[in-house]
Amino acid sequence: MSRRLRVLHAIHDFLPRHRAGSEIYAFELARAQSVRHDVFVLAAEYDPAAVHGTLRWRAHDGLPVVEIVNNWECREFAHSYQSPRITEQLGYALDAVRPDVVHLHSLLNLSFALPRLARQHGAAVVATLHDYTLVCPSGGQRVHVAEEHVCETIDPVRCSRCFGESPFHGQMAAGRVTRLPGGRALGRAAVWMRRAAPAAMTAAATALDAGPVTAADIERRLADARGVFDAVDLFVAPSPSIAAEFVRLGLDPRRVEISDYGFAPPVGAEPGIPNRPETRNPEPGTRNPSDSPLRLGFVGTLVWHKGPHVLLEALRLISGGVAVHLHGDTEVFPDYAARLRRLASGRPVTFHGRFDRTELARIYDALDVLVVPSLWPENSPLVIHEAFMHGVAVVGARMGGIADLIEDDVNGLLVEPASASALAAALVRIVAEPGLRDRLAAAAPRVKTIAEDAAEWDVRYGRVRSAGAVPVP
């Protein structure tokens, strides 16, 4: 593609404050594309100190970011995903940026109307499917956290109950407060409660009457989500698993393409070449002598659906020879972090806290095995690719896109999800079998670079722009 384009990446929130996988990928892709195009990021932020819907500009590492304040001032449930105020302000953002392409990563905190607005502004619209936020109103992981239930199907009755028990219901309650006289001060207090005590925030939602959510409300949201399917020119699924799920949910298979994420190469590594254990360590096994415990790592958000509690439960079934290192911010979900600390009591567990991405090489070099014990149908976990690039063996749950990346007993081990005993057995096997860890790590596949990924997106952008979008009324 020879023409310089104006590309707008739209995502629910963004760096530096929000550091989950989709935000990191959107940033890396946007930064890679900025060499050839004029690239912008559109993201939401929760800030009751500001007027709901405020548009403001900032920059992150050279990328211009259009930030829209969404304080969840919802008069009804439908406004949680298609607020008239937010939709109107998004129109002004599109007027300012004038994108040729709008690349959607998440419409959570934005509006289901964005893709149609973008097409009305003459932009082609593409989307990366990171999770299930389009069809799961409680965060996109398809888990009912209060009942610790993984949703194999989208059940509107369960969804309505789940949403009422979720922090999102608390956000709606706080949004009602900020509309009252003096509500901004109360809203700032709600921000603290939302971060420090999400369970208390959820309870406050009931007391403040954030409004009931019914199965009919969920059905309407699902119908509106299918409208989003029709307004996007092309979806890209990083894993076969998430592609199949969205097709099952009504997405036209002709509108979805499977292509995994690209990654910035590890510092000091040749782009695209995994940092094999033998490359890092001339003598196999020197990273973990037989008299030292096997260093097991969890890297990511400390949240129930990621399953770090399963790892700690497995640890309690292992008599010795292993130590666990948890790398993740304990302040994001403090109630859950407290549960993890209780499970870790008296065991060889270290909580390393929040980390910067510049520390990844140090983190992975200090691990022997990455454990990915997810309970939800993961897409294509960034941490597995990172482990592949850093030459670290992986043990993961046989769930969603994890099973698309790991071939059992070839480049990793797969275990039954939510089974502490199965995970413990796999970890004991690695301890007991000399050479197994290095054999698994050495079989890691090559990981696509972010530069290659950006080049592939150039081709897609050109294809959808050449095809032309169907006019949207």
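The sections below set out a description of the structure shown in this document. (Residues numbered from 1 in each chain as written. Predicted model: local features only at pLDDT ≥ 70, side-chain atom pairs only at ≥ 80, totals over all residues. Heavy atoms only, no water.)

Examining the packing of helix H11 (residues 308-315) against helix H16 (residues 420-432)
- The interhelical angle for the contact between H11 and H16, taken along N-to-C directions, is 65°, at an axis separation of 8 Å. Once H11 is placed against H16, the crossing between them reads as right-handed. Across the interface between the two elements, Val-310, Leu-311, Glu-313 and Ala-314 of H11 pack against Ala-420, Leu-423, Ala-424 and Leu-427 of H16. (Axes fitted to C-alpha atoms, helices over the stretch in contact; angles between N-to-C directions. Helix = DSSP H or I, 4+ residues; strand = E, 2+ residues; numbered from the N terminus. Left-handed = near helix turned anticlockwise from the far one by under 90°. Contact = heavy atoms within 4.5 Å.)

Description of the side chain of Glu-28
- Assignment of secondary structure puts Glu-28 in helix H1 (residues 21-33).
- Judged by relative accessible area, which is 14%, Glu-28 ranks as buried. (Buried < 20%, exposed > 50% of the residue type's maximum accessible area, 1.4 Å probe, protein only.)

Section: the pairing of strand S15 (residues 393-397)
- Among the five residues in S15, five count as buried, and that is most of the element.
- Looking at chain direction, strand S14 (residues 369-372) and S15 are connected through four bridges and run parallel. Considered in S15, the bridge of Val-369 is made with Ala-393.
- Chirality of the crossover, the property in question, places the unit of S14, helix H14 (residues 382-390) and S15 among those that are right-handed.
- Direction of pairing for S15 relative to strand S16 (residues 413-415): parallel, over a ladder of three bridges. The residue of S16 that forms the bridge with Val-395 is Leu-413. (Pairing = 2+ DSSP bridges. Right-handed = clockwise from strand over helix to strand, strands pointing away.)

Digging into the sheet that holds strand S2 (residues 38-45)
- Spatially, S3-S4-S2-S1-S5-S6-S9-S10 is the arrangement adopted by the eight strands of the open sheet, whose pairing is mixed. Bordering the open sheet on either side are strand S3 (55-60) and strand S10 (256-258), each of which pairs with just one other strand. With direction set aside, neighbouring strand axes in the sheet form an average angle of 25°.
- By the bridge criterion, three bridges tie strand S6 (residues 124-128) to strand S9 (residues 234-237) in an arrangement that is parallel. Bridge pairing in S9 links Val-126 to Leu-234.
- The strands touched by helix H9 (residues 240-248) within the sheet are S9 and S10, with S10 carrying the most contacts at an inclination of about 165°.
- Strands strand S1 (6-11), strand S5 (101-104), S6, S9 and S10 of the sheet are contacted by helix H18 (residues 450-467), whose axis makes an angle of about 140° with S6.

Some remarks on the packing of aromatic side chains
- In this structure the tally under the stated criterion is 10 aromatic pairs.
- An angle of 90° between the planes, with centres 6.1 Å apart, marks the rings of Phe-229 and Phe-235 as edge-to-face. Phe-235 matches Phe-229 in its accessibility class, with the two residues each being buried.
- Ring centres 6.1 Å apart and planes at 70° place the aromatic pair Phe-229 and Phe-246 in the edge-to-face group. (Phe/Tyr/Trp six-rings, centres within 6.5 Å; stacked < 30°, edge-to-face > 60°.)

A few points about H14
- Burial analysis of H14 places nine of its nine residues in the buried class, which makes it a mostly covered element.
- Of all the residues in H14, the buried ones are Leu-382, Val-383, Ile-384, His-385, Glu-386, Ala-387, Phe-388, Met-389 and His-390.

Focus: the pattern of salt bridges
- A full pass over the atoms with the stated rule returns 35 salt bridges.
- Measuring nitrogen to oxygen at the nearest pair gives 3.3 Å for the salt bridge that ties Asp-100 to Arg-3. Of this pair, Asp-100 sits in the loop between helix H2 (84-97) and S5 while Arg-3 sits in the segment before S1; the two residues are 97 residues apart in sequence, bridging distant segments of the chain.
- Residue classification places Asp-100 among the buried residues on the basis of a relative accessible area of 13%.
- Here Glu-147 ties to Arg-161 by a salt bridge, and the two come within 2.9 Å at their closest N and O atoms. With Glu-147 in the loop between strand S7 (143-144) and strand S8 (149-150) and Arg-161 in helix H4 (residues 156-164), this residue pair connects regions lying 14 residues apart in the sequence.
- A relative accessible area of 36% means that Glu-147 is categorised as partly exposed. (Salt bridge = Lys/Arg side-chain N within 4 Å of Asp/Glu carboxyl O.)

Bear in mind that shape data such as this cannot, by itself, settle questions of function.
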